[in-house]
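# Coordinate inspection notes
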Amino acid sequence: MKKYLVTGGAGFIGSNFVIYMLKKHDDIQIVNLDKLTYAGNLENLKSVENDPRHIFVQGDICDKEAVTALFEKYDFDYVINFAAESHVDRSIAEPEIFAKTNVLGTVNLLNCAKAAWEKDGVWKEGAKYLQVSTDEVYGSLGETGYFMETTPLDPHSPYSSSKAAADLFVKAYGDTYKMPVNITRCSNNYGPYQFPEKLIPLMINNAKTGKHLPVYGDGMQVRDWLYVEDHCKAIDMVCTSGKLGEVYNVGGHNERPNIFIVKKIIEILHDKVSSEINESLIKHVEDRKGHDRRYGIDPEKIKRDLGWYPETPFEKGIVLTINWYLENEDWMKNVTSGDYQKYYREMYKNR
Ligand code: NAD
Ligand code: TYD
């Protein structure tokens, strides 16, 4: 039986990954370490709460004692690090926590894994540390071209800088100590359980509750949308089959300008929910500081080496996603109660 330490498994991608893995594999055990920040939510894990193969532990990836104790207790084969502060706008407002969690938290996990897995330069058989990173570490593209694994790192936001710094530590542990590592860099994910500070769930929630739809600047910034389940599959494949030390880019082949995404959501909700949801809700607001213009991934390497490709076309994924949010109104109500309202007012006060 393979034993996984999954961090950040109560967040958006992490919870989808835990659910995906428990469905896909019988003989695994997942210890899910999550601090439960505003972005972590045990409701995301309701469908697996009675599964004995899943053990939830509330804790901080920066906490050396707690992480060491988990390694001693469970003798992990794999660490998959999803835990992070993940929102660019928050990183512009409060960069420090991004340095702490994303950089120092990663270094702590690497140290704890090294202490548990390495003896006199020999590493535990089959062990691996997988860092879940982002295409944002590559910076911004012009009108043409794609991010490759060889593209130089050129992060712009405090968020992407912290992820790039973490990636470099992972690379350093691979290079210096021969630690068995992989890094995956994916594009923008969408799907169930995404916190409504990110573009797609924010627009769905605002449209449904009659709020305006804040499009930053001209809305012509391009993101490469990846359905979250396709991403989970890629991580599973890299974890078990990725060549040690390699970076794999994971993209959706789904580049769209933000304004297209917003109009698509309006079109679907107009038909499914109310004719009052229409383009008059769109409000172009002040642009994000340092806003990256375009991201686009060439996922050729992971396709060639591991046979992965993004299976879910955007037209299908966006309908699945919107249906999920419509069927899970209580989830949305719960995550947007309390501090969310304050955050939302703050975030958009000048926009
Ligand atoms: P998320 O914000 O939804 O979830 C992050 C989770 O990490 C939360 O459950 C939170 O409680 C937990 N966490 C935060 N700080 C922690 C700490 N110190 N210790 C333990 N747990 C902590 O993020 P997400 O969208 O699911 O992203 C997961 C990973 O994927 C992140 O590393 C992110 O950088 C990366 N990523 C995300 C996207 C995307 O589109 N969402 C794209 C590329 C890369
Ligand atoms: P986001 O979901 O925050 O992801 P990221 O910044 O990591 O790509 O934003 C996706 C795009 O949508 C990005 O170009 C910023 C833009 N955006 C808006 O126009 N309005 C919004 O309210 C939000 C949250 C994002």
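Residues numbered from 1 in each chain as written. Chains lettered and ligands numbered in written order. Predicted model: local features only at pLDDT ≥ 70, side-chain atom pairs only at ≥ 80, totals over all residues. Heavy atoms only, no water.

## As for the layout of surface pockets
For the largest pocket, the calculated volume is near 800 Å³. Together, 25 residues line the largest pocket, and Arg90, Ala93, Tyr343, Glu346 and Met347 are the ones closest to its centre. Counting residues per element, the ones that place at least two in the lining of the largest pocket are helix H3 (88-93), helix H4 (96-117), helix H11 (329-335) and helix H12 (339-347). Per element, the largest residue contribution to the lining of the largest pocket is 6 residues, and it comes from H12. A per-class count over the lining of the largest pocket returns 10 nonpolar, 3 polar and 12 charged. (1 Å grid on protein atoms, 1.4 Å probe; cavity = no way out; pocket = protein on both sides within 12 Å on 5 of 7 lines; lining within 4 Å. Points joined across faces, edges and corners; volume = space filled by probe spheres on them. Helix = DSSP H or I, 4+ residues; strand = E, 2+ residues; numbered from the N terminus. Nonpolar A, V, L, I, M, F, W, Y, C, P; charged D, E, K, R; others polar.)

## Observations regarding the site of ligand 2
Around ligand 2, a shell composed of 19 residues is seen, among which Glu136, Pro214, Arg288, His291 and Tyr348 lie nearest. The backbone of Pro214 places a nitrogen or oxygen atom 2.7 Å from a nitrogen atom of ligand 2. Tyr216 has a polar backbone atom sitting 2.9 Å from an oxygen atom of ligand 2. Here ligand 2 loses 97% of its free accessible area of 500 Å² to cover by the protein chains. Listed by contribution, the elements that provide at least two residues to the shell around ligand 2 are helix H6 (199-208) and strand E10 (213-216). Its residues placed into classes, the shell around ligand 2 shows 9 nonpolar, 5 polar and 5 charged. (Near = heavy atom within 4 Å. Polar contact = N/O pair within 3.5 Å; in protein donor to acceptor, adjacent residues only side chain to side chain. Areas by Shrake-Rupley, 256 points an atom, 1.4 Å probe, with all protein chains shown as cover.)

## Remarks on the site of ligand 1
Near ligand 1 lie 28 residues; those nearest to it are Ile13, Asp34, Ser86, Tyr159 and Lys163. A distance of 3.1 Å separates a nitrogen atom of ligand 1 from a polar atom in the backbone of Lys35. One of the backbone N or O atoms of Asn189 is found 2.8 Å from an oxygen atom in ligand 1. Protein burial of ligand 1: of its 830 Å² of free accessible surface, 97% is covered by the chains. Broken down by secondary-structure element, the contributors of at least two residues to the shell around ligand 1 are helix H1 (12-24), strand E7 (128-134) and helix H5 (158-177). The leading source of residues in the shell around ligand 1 is E7, at 3 residues.

## Regarding the pattern of salt bridges
Within the structure shown, the criterion is met by 20 salt bridges. Here Arg294 makes a salt bridge to Glu255, at a shortest N to O gap of 2.7 Å. With Arg294 in the loop between strand E15 (282-285) and helix H9 (300-306) and Glu255 in strand E14 (residues 255-257), this pair connects stretches of sequence that are 39 residues apart. Taken together, the salt bridges that share partners define one network made up of Asp75, Asp77 and Lys124. (Salt bridge = Lys/Arg side-chain N within 4 Å of Asp/Glu carboxyl O.)

## Focus: the nonpolar core
Grouped together as the largest cluster of nonpolar side chains are 71 residues, with contacts concentrated most on Tyr4, Ile80 and Ile265. Beyond its immediate chain neighbours, meaning those up to four positions away, Ile265 contacts Ile200, Met203, Ile204, Ile318 and Ile322. Ranked by size, the runner-up nonpolar core spans 33 residues in total, among them Leu5, Leu109, Phe147 and Tyr295. (Core = buried A, V, L, I, M, F, W, Y, C linked by side-chain atoms within 4.5 Å. Buried < 20%, exposed > 50% of the residue type's maximum accessible area, 1.4 Å probe, protein only. Contact = heavy atoms within 4.5 Å.)

## Focus: the pairing of strand E8 (residues 181-186)
Burial analysis of E8 places 6 of its 6 residues in the buried class, which makes it a mostly covered element. Strand direction decides the pairing type here: E7 and E8, joined by 6 bridges, are parallel. By the bridge assignment, Ser133 is partnered in E8 with Arg185. When E8 meets strand E13 (residues 247-250), the two strands line up parallel, connected through 4 bridges. Counted as the bridge partner of Ile183 is Val247 from E13. (Pairing = 2+ DSSP bridges.)

## Some details on the environment of His54
Topologically, His54 is positioned in strand E3 (residues 54-58). Expressed as a C-alpha distance, the spacing of His54 and Gln29, which sit 25 residues apart in the sequence, is 6.1 Å. In this structure His54 touches Val18, Leu22, Ile30, Asn32, Leu45 and Val48, once residues within four positions along its chain are discounted.

## Thoughts on empty space enclosed by the protein
Counted according to the given criterion, the structure contains 3 cavities of 30 Å³ or more. Considered as a void within the structure, the second largest cavity measures approximately 50 Å³ in volume. Of the residues in the lining of the second largest cavity, the class split is 2 nonpolar, 3 polar and 5 charged.

## Re the pairing of strand E4 (residues 78-81)
The alternating pattern of E4 places Tyr78 and Ile80 on one face and Val79 and Asn81 on the opposite face, and all of these are buried. Pairing between strand E1 (residues 2-7) and E4: 4 bridges, direction parallel. Each bridged residue has a counterpart across the sheet, and for Val6 the counterpart in E4 is Ile80. As judged from the 4 bridges shared by E4 and E7, these two strands associate in the parallel manner. Its bridge partner being in E7, Ile80 is matched across the sheet by Leu130.

## With respect to the environment of Gly219
Structurally, the position occupied by Gly219 is in the loop between E10 and strand E11 (222-224). By relative accessible area, which is 0% here, Gly219 ends up buried. Residues Gly219 and Trp308, 89 residues apart in the sequence, show an inter-C-alpha distance of 31 Å. When near neighbours in sequence (up to four residues on either side) are disregarded, Gly219 contacts Pro257, Asn258, Ile259 and His284.

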